[in-house]
Amino acid sequence: MSEPEPRVCTRCGHTRTADEDPVTALAWVSTRERGAVRWLCPTCARQHVRDIEGKLPDEYW
Ligand SMILES: [Zn+2]
C-alpha cells in the first residue's frame, strides 16, 4: 500500500503529520483550481468557507 501524498495547506503552509488527530485529519478540505488539487488545513478551511460561499464561480464570468 502506498502512502497518500502529503498534505500541505496552501494558505498557511501547515503540513499534515502522521501523528495528527484522525478527526483533525478528516477536517482537511481539498479544492480544485484549474485541475490542481489544493489542500486547506481545518483552521484555514473554516475561515475560507465564507470566501467560497461568497465567491462566484469562475465560469460565471
Ligand atoms: Zn492552513
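It should be noted that the structure appears before, not after, this text.
Presented here is an overview of the structure given in this document. (Residues numbered from 1 in each chain as written. Predicted model: local features only at pLDDT ≥ 70, side-chain atom pairs only at ≥ 80, totals over all residues. Heavy atoms only, no water.)

1. What to know about the overall build of the chain
- The helix and strand tally for the chain stands at 2 helices and 2 strands.
- Listed N to C, the secondary structure of the chain is α-β-β-α in terms of helices and strands.
- Scored against the burial criterion, the 61 residues of the chain give a buried share of 18%.
- Here the analysis covers contacts within the chain between residues at least 6 apart in sequence; of these, 35% occur between residues at least 24 apart. (Helix = DSSP H or I, 4+ residues; strand = E, 2+ residues; numbered from the N terminus. Buried < 20%, exposed > 50% of the residue type's maximum accessible area, 1.4 Å probe, protein only. Contact = heavy atoms within 4.5 Å.)

2. Description of the side chain of Thr31
- Among the structural elements, Thr31 can be located in strand E1 (residues 29-33).
- What makes Thr31 buried here is its relative accessible area of 18%.

3. Concerning the pairing of E1
- Bridging between E1 and strand E2 (residues 36-40) involves 5 bridges; their strand directions are antiparallel. What sits directly across from Glu33, in E2, is Ala36.
- Counting the residues in the hairpin turn of E1 and E2 gives 2 residues, including Arg34, whose phi is positive at 55 degrees. (Pairing = 2+ DSSP bridges.)

4. Things to note about the coordination of the zinc ion
- Donor atoms from the polypeptide that coordinate the zinc ion comprise Cys9 (SG), Cys12 (SG), Cys41 (SG) and Cys44 (SG), at 2.3 to 2.4 Å from the metal.
- Taken together, the 4 donor atoms coordinating the zinc ion span angles of 103 to 114 degrees at the metal, a pattern that classifies the geometry as tetrahedral.
- On the primary sequence, the residues serving as donors to the zinc ion are separated as C-x2-C-x28-C-x2-C. Of this pair, Cys12 sits in the segment before helix H1 (22-26) while Cys41 sits in the loop between E2 and helix H2 (42-54); the two residues are 29 residues apart in sequence, bridging distant segments of the chain.
- The exposure class assigned to Cys41 is buried, which follows from its relative accessible area of 3%. (Donors = N, O, S within 2.8 Å, 3.2 Å for Na, K, Ca; no water. Tetrahedral: all angles 85-135°; square planar, octahedral: opposite > 155°, others 65-115°.)

5. Thoughts on the side chain of Arg7
- Relative to the elements of secondary structure, Arg7 occurs in the segment before H1.
- Assessed through its relative accessible area of 19%, Arg7 is described here as buried.
- Separated by 3.4 Å, the side chain of Arg7 and the backbone oxygen of Ala25 make a polar contact.
- Those residues in contact with Arg7 that sit more than four places away from it in its chain are His14, Thr15, Arg16, Ala25, Trp28 and Trp39. (Polar contact = N/O pair within 3.5 Å; in protein donor to acceptor, adjacent residues only side chain to side chain.)

6. Describing the environment of Asp19
- One can find Asp19 in the segment before H1.
- Only 2.9 Å separates the side chain of Asp19 from the side chain of Thr17, close enough to count as a polar contact.

In short, the description is geometric, and any link to function would need to be established separately.
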